[in-house]
Amino acid sequence: MGDSTAAQPSLRVLIPRDRIQARIEELGRQIRADYGDKPIYLIAILKGACIFLSDLARAIPGSVRFDFMGISSYGRGKTPSGEVKVTKDLDVSLEGVDVVIVEDIVDTGVTLTYLTHLLQQRRPRSIQIAALLDKPSRRLRPVHAKYVGFTIPDEFVVGFGLDFAEDYRNLSDICVVGD
Ligand code: 5GP
């Protein structure tokens, strides 16, 4: 087996995959109902929102387009760096379109406050936020996500796109690390 068996932190399932899938289906139907037959531009934040985006985009019937933005707000691991910067910009114009920012989790709200202001300058018709998870107890900036999958307590979670030092993004369940 070799000696690559370093101790792994334990994982506890917080939200199992079937609940996540059912909730995303609901969100998709709700979003389509809110926008009628208009095209919806999903803007996903790399990398954490990728898995949520791919399921959410398929849960919204009708015209859906998507693009990606890279925002760095956390360093490796659990500690916030306090820094927000764009690491990859959009390839498309947002002028006059209906934008839904797709994010993995709203924590302090620093990232989404920054991003919402940035995208507003590009004159979309509307901007809303879809977040798979919301940790309202940690909020430093008043962010309102219209579409929220699950509100969770102040615990560090991984899985379904969310990482710990780049690991665990591929888990199908949302888990709490190390307890
Ligand atoms: P905010 O700017 O709202 O504090 O941070 C949002 C970002 O912090 C998320 O997109 C995510 O990358 C990271 N983050 C916040 N809470 C967690 C968490 O519990 N687990 C993981 N893996 N990342 C988190």
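Refer to the structure above for everything that follows.
Residues numbered from 1 in each chain as written. Predicted model: local features only at pLDDT ≥ 70, side-chain atom pairs only at ≥ 80, totals over all residues. Heavy atoms only, no water.

Draft legend 1. Quick look at the nonpolar core. Among the nonpolar cores identified, the biggest contains 30 residues, and Phe-52, Leu-56 and Leu-133 are the most heavily contacted of them. Of all the secondary structure elements, the ones that give two or more residues to this core are helix H1 (17–35), strand E2 (40–46), helix H2 (50–59), strand E5 (98–106), strand E6 (126–134), strand E7 (147–151) and strand E9 (174–177). Excluding residues that lie within four positions of it along the chain, Leu-133 makes contacts with Ile-15, Asp-104, Ile-105, Val-106, Phe-150, Ile-152, Val-157, Leu-162 and Ile-174. If you look at the next biggest cluster of nonpolar residues, it comprises 21 residues, including Tyr-41, Ile-45, Leu-118 and Val-148. (Core = buried A, V, L, I, M, F, W, Y, C linked by side-chain atoms within 4.5 Å. Buried < 20%, exposed > 50% of the residue type's maximum accessible area, 1.4 Å probe, protein only. Helix = DSSP H or I, 4+ residues; strand = E, 2+ residues; numbered from the N terminus. Contact = heavy atoms within 4.5 Å.)

Draft legend 2. Seen up close, the side chain of Arg-32. Along the chain, Arg-32 falls in helix H1. There is no salt bridge for the buried Arg-32, and the closest opposite charge comes from Asp-37, which lies 6.5 Å off by N-O distance. Side-chain polar atoms of Arg-32 contact the backbone oxygen of Lys-38, separated by 2.8 Å. Contact partners of Arg-32, with chain neighbours within four places excluded, come to Asp-37, Lys-38, Ile-40, Ile-60, Pro-61, Gly-62, Ser-63 and Val-64. (Lys, Arg positive; Asp, Glu negative; His and termini not counted. Salt bridge = Lys/Arg side-chain N within 4 Å of Asp/Glu carboxyl O. Polar contact = N/O pair within 3.5 Å; in protein donor to acceptor, adjacent residues only side chain to side chain.)

Draft legend 3. Main features of the site of the ligand. Neighbouring the ligand are 16 residues, the closest being Asp-104, Thr-108, Thr-111, Val-157 and Asp-163. Asp-104 places a side-chain nitrogen or oxygen 2.7 Å from an oxygen atom of the ligand. Here an oxygen atom of the ligand sits 2.9 Å away from a polar atom, N or O, in the main chain of Gly-109. Contact with the protein chains removes 92% of the 510 Å² of surface that the ligand exposes when unbound. Those elements that provide at least two residues to the shell around the ligand are strand E3 (64–74), E5 and helix H3 (110–120). Residue contributions to the shell around the ligand peak at three residues, all from E5. Here the shell around the ligand is composed, by residue class, of six nonpolar, four polar and six charged. (Near = heavy atom within 4 Å. Areas by Shrake-Rupley, 256 points an atom, 1.4 Å probe, with all protein chains shown as cover. Nonpolar A, V, L, I, M, F, W, Y, C, P; charged D, E, K, R; others polar.)

Draft legend 4. Broad picture of the sheet that holds strand E1 (residues 11–15). Taken together, the three strands give an open sheet; going across it, the order is E1-E9-E8, and neighbouring strands pair in antiparallel fashion. With partners counted over all chains shown, the strands left at the sheet margins are E1 and strand E8 (157–158), one partner each. Here E1 pairs with E9 via four bridges, running antiparallel. Along E9, the bridge assignment pairs Ile-15 with Ile-174. (Pairing = 2+ DSSP bridges.)

Draft legend 5. Fine view of unusual backbone geometry. Omega for the bond connecting Leu-46 with Lys-47 falls within 30 degrees of zero, at -10°, which places this linkage in the cis form. Relative to the assigned elements, Lys-47 resides in the loop between E2 and H2. Positive phi, normally seen in glycine, also occurs at Glu-166, with a value near 75°. In this structure, Glu-166 sits in the loop between E8 and E9. When its relative accessible area of 39% is taken as the criterion, Glu-166 is described as partly exposed. A positive phi is found at Tyr-168, a non-glycine position, where the angle reads about 80°. Considering the arrangement of structural elements, one finds Tyr-168 in the loop between E8 and E9.

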